[in-house]
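Structural overview
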Amino acid sequence: MTDQPPVRAGLIGCGSISSSHLKTYKTCGIELAALCDRDISRAEAQRDEFGAPETPIFDDHRELLQLPDIDFVTVATPVAAHVPITVDALRAGKHVACEKPSALTVQENQQVVREARLAGKKVIFFSSRMRWGMATMAREYINNGELGEIYRVDVQYWRRRGRPGIDIIPDAHWFLDMERAGGGVIMDMGQYFMDLVMDLVGWPDITSVYGATFRGHDYDLPADVRFDVEEHCTFLAHTDGPLTFSFDMAWIAHHEAKNCISILGTEGGIRLGGGEPFTFYQDKGAPWRWVDTTSSWKDRVGGGEHAYREFIQAVRGDDTGVGTTPEQALKLTALTQMAFLSAAENRVVTPADLGAL
Ligand SMILES: NC(=O)c1ccc[n+]([C@@H]2O[C@H](COP(=O)([O-])OP(=O)(O)OC[C@H]3O[C@@H](n4cnc5c(N)ncnc54)[C@H](O)[C@@H]3O)[C@@H](O)[C@H]2O)c1
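Residues numbered from 1 in each chain as written. Predicted model: local features only at pLDDT ≥ 70, side-chain atom pairs only at ≥ 80, totals over all residues. Heavy atoms only, no water.

**Regarding the pattern of salt bridges**
For the structure on display, the rule yields 24 salt bridges. When the shortest N-O distance is used, the salt bridge between Arg8 and Asp69 registers 2.8 Å. Linking Arg8 in strand S1 (residues 8-12) with Asp69 in the loop between helix H3 (61-64) and strand S4 (72-75), this pair joins segments that are 61 residues apart in sequence. Note on Asp69: relative accessible area 39%, which makes it partly exposed. Residues Arg309 and Glu305 are paired through a salt bridge, measuring 2.9 Å at the closest nitrogen-oxygen approach. Residue Arg309 and its partner Glu305 are located together in helix H9 (residues 303-315), separated by 4 residues, close to a single helical turn. (Salt bridge = Lys/Arg side-chain N within 4 Å of Asp/Glu carboxyl O. Helix = DSSP H or I, 4+ residues; strand = E, 2+ residues; numbered from the N terminus. Buried < 20%, exposed > 50% of the residue type's maximum accessible area, 1.4 Å probe, protein only.)

Dropping the structure here:
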């Protein structure tokens, strides 16, 4: 318990994910100060469920930002609005907890880096949601040096049927629209996996990327719905050391679902994910004495709650440097953009292809 007054927040974007944010506000003792959605009926619905009758609601985030007694805002809109709202919030003197992915482009992400520094306010992105749970165990093994030199990270995440806007959350058509979402599976689920593995291995510089994307499965959508993002994305990324990453991510596949992160080092390896037990693989001396340590430990606290708890601490002035920062998000955005450019031009792409980073 703390004697400090509760942190007060405004939530902008009252769609599917907003209920989860509002539930976490309650768990973490965050006071709901105001709600905003372009579609005011959505803000009303969330006020009725989570707020008090007098909780102010707005259909324009700039009005919400004028309220003086708000410490931070949560941004839970489609991606295209993340940076414009984040920048307005920073200029209004608010901290920001923004949904993932951070931005549509590297240039947009750079703007957040600049504006956060200018405002002296904290910004986090929720791509950090997977950094807890079993990842905590992986981090301990890595930090204790038990993997030796890490040289490979492989991520496989396939859904059998899981295109947002088609197969799941069918009303959210914006997920399918490049202009509003910035991409498909890599912008949606890819951000979590990229954040997690980059964080585990210390955010190395990426030196080149070679990738491919695919869209071509059947769908049934109204004629006016734009669907121009990828359903499947595969890429290999080199770092400035021996470490390489491979990512293979699909919203839809005629195959069983996959969810597996493998991290290989010269002394040991780790497997995470997919509801399987965490496993640390090691050879304890010749000839081939395998010692596989598994743990079925489950973290009952969700990643969103962990992120908010650390964010509140930062808002109160004790910033331990956690959460996907604008600088880290910029690395994820650059990696994403390199994968897209490589796929579009069928060639190896380097950071120089994106302009100044
Ligand atoms: N749905 C999920 O399961 C999920 C999970 C994790 C993260 N996210 C992320 O959360 C964000 C929102 O996703 P969602 O699924 O809730 O989308 P959604 O379409 O259900 O809701 C988005 C809401 O934002 C509102 N909105 C759009 N532009 C606005 C603006 N300029 N100002 C105020 N309101 C505006 C819309 O009217 C809508 O109510 C996305 O970045 C998404 O990647 C979603």
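**Here's the deal with the site of the ligand**
What surrounds the ligand is a group of 21 residues, the closest being Ser16, Ile17, Asp37, Arg42 and Trp174. Side-chain polar atom of Arg42 to an oxygen atom of the ligand: 2.7 Å apart, as the coordinates give it. Backbone polar atom of Lys100 to an oxygen atom of the ligand: 3.0 Å apart, as the coordinates give it. Look at the ligand: alone it shows 820 Å² of surface, and the protein chains cover 85% of it. Split by residue class, the shell around the ligand holds 10 nonpolar, 5 polar and 6 charged. When we break the shell around the ligand down by domain, the ones giving at least three residues each are domain 1 (8-129 + 303-319) and domain 2 (131-301 + 333-354). (Near = heavy atom within 4 Å. Polar contact = N/O pair within 3.5 Å; in protein donor to acceptor, adjacent residues only side chain to side chain. Areas by Shrake-Rupley, 256 points an atom, 1.4 Å probe, with all protein chains shown as cover. Nonpolar A, V, L, I, M, F, W, Y, C, P; charged D, E, K, R; others polar. Domains from an automatic or database assignment.)

**Quick look at the domain arrangement of the protein**
We note that the domain assignment places domain 1 (8-129 + 303-319) and domain 2 (131-301 + 333-354) within the protein. Each of domain 1 and domain 2 was reduced to a C-alpha centroid, and the two centroids are 26 Å apart. Contacts between the two partners involve 22 residues from domain 1 and, on the opposite side, 20 residues from domain 2. Together domain 1 and domain 2 conceal approximately 1,800 Å² of surface at their shared face, both sides included; 60% is due to carbon and sulfur atoms. A salt bridge links Lys100 to Asp188, with the shortest nitrogen-to-oxygen separation between them at 3.2 Å. Applying the counting criterion to the domain 1 and domain 2 interface returns 9 residue pairs in polar contact (both at pLDDT 80 or more). Residue assignment for the side of domain 1 that touches domain 2 shows that the elements contributing at least two residues are helix H5 (106-119) and H9. With 5 residues, the single largest contributor to the side of domain 1 that touches domain 2 is H9. Looking at the side of domain 1 that touches domain 2, its residues break down into 9 nonpolar, 9 polar and 4 charged. (Contact = heavy atoms within 4.5 Å. Buried area = accessible area lost by both parts, 1.4 Å probe.)

**Comments concerning the sheet that holds strand S8 (residues 206-214)**
Pairing in this open sheet of 8 strands is mixed, and the strands run S8-S9-S10-S7-S11-S12-S13-S14 from one edge to the other. Among the strands making up the open sheet, the edge pair consists of S8 and strand S14 (290-295). In this sheet, neighbouring strand axes are inclined to one another by 10 degrees on average, regardless of whether the strands run parallel or antiparallel. Contacts from helix H6 (residues 134-143) reach strand S7 (150-158), strand S11 (258-265), strand S12 (269-272), strand S13 (278-283) and S14, with the element oriented near 175 degrees to S12. Here helix H10 (residues 326-345) sits on the sheet and contacts S8 and strand S9 (232-239); the angle it forms with S8, its principal contact strand, is near 55 degrees. (Pairing = 2+ DSSP bridges. Axes fitted to C-alpha atoms, helices over the stretch in contact; angles between N-to-C directions.)

**Details of the sheet that holds strand S6 (residues 123-125)**
Strands sit in the order S3-S2-S1-S4-S5-S6 across an open sheet of 6 strands; the sheet is parallel. Two strands lie at the open edges of the sheet, namely strand S3 (57-58) and S6, each paired on one side alone. When strand S5 (residues 95-98) meets S6, the two strands line up parallel, connected through 3 bridges. Within S6, the position partnered with Val96 by the bridge is Val123.

**Thoughts on the pairing of S12**
Sheet analysis places S11 next to S12, joined by 4 bridges and oriented antiparallel. If you follow Ile263 over to S12, its bridge partner there is Ile270. Taking the residues that link successive antiparallel strands as the turn, the S11-S12 hairpin has 3 residues. Sheet topology places S12 next to S13; 3 bridges connect them, and they run antiparallel. Looking at the pairing, Arg271 lines up with Thr279 of S13. Two successive antiparallel strands, S12 and S13, enclose a turn made up of 5 residues, where Gly273 displays a positive phi of approximately 110 degrees.

**Here's the deal with the packing of helix H1 (residues 18-28) against helix H2 (residues 40-50)**
With their axes 11 Å apart at the nearest point, H1 and H2 run at an angle of 30 degrees to one another. Taken together, the axes of H1 and H2 are roughly parallel relative to one another. Classified by chirality, the crossing of H2 by H1 is right-handed. Contacts from Ser18, Ser19, Leu22, Lys23 and Lys26 of H1 reach H2 at Gln46, Glu49 and Phe50. Considering only residue class, the contact of H1 with H2 consists of 2 nonpolar, 3 polar and 3 charged. (Parallel < 35°, antiparallel > 145°, perpendicular 65-115°, else oblique. Left-handed = near helix turned anticlockwise from the far one by under 90°.)

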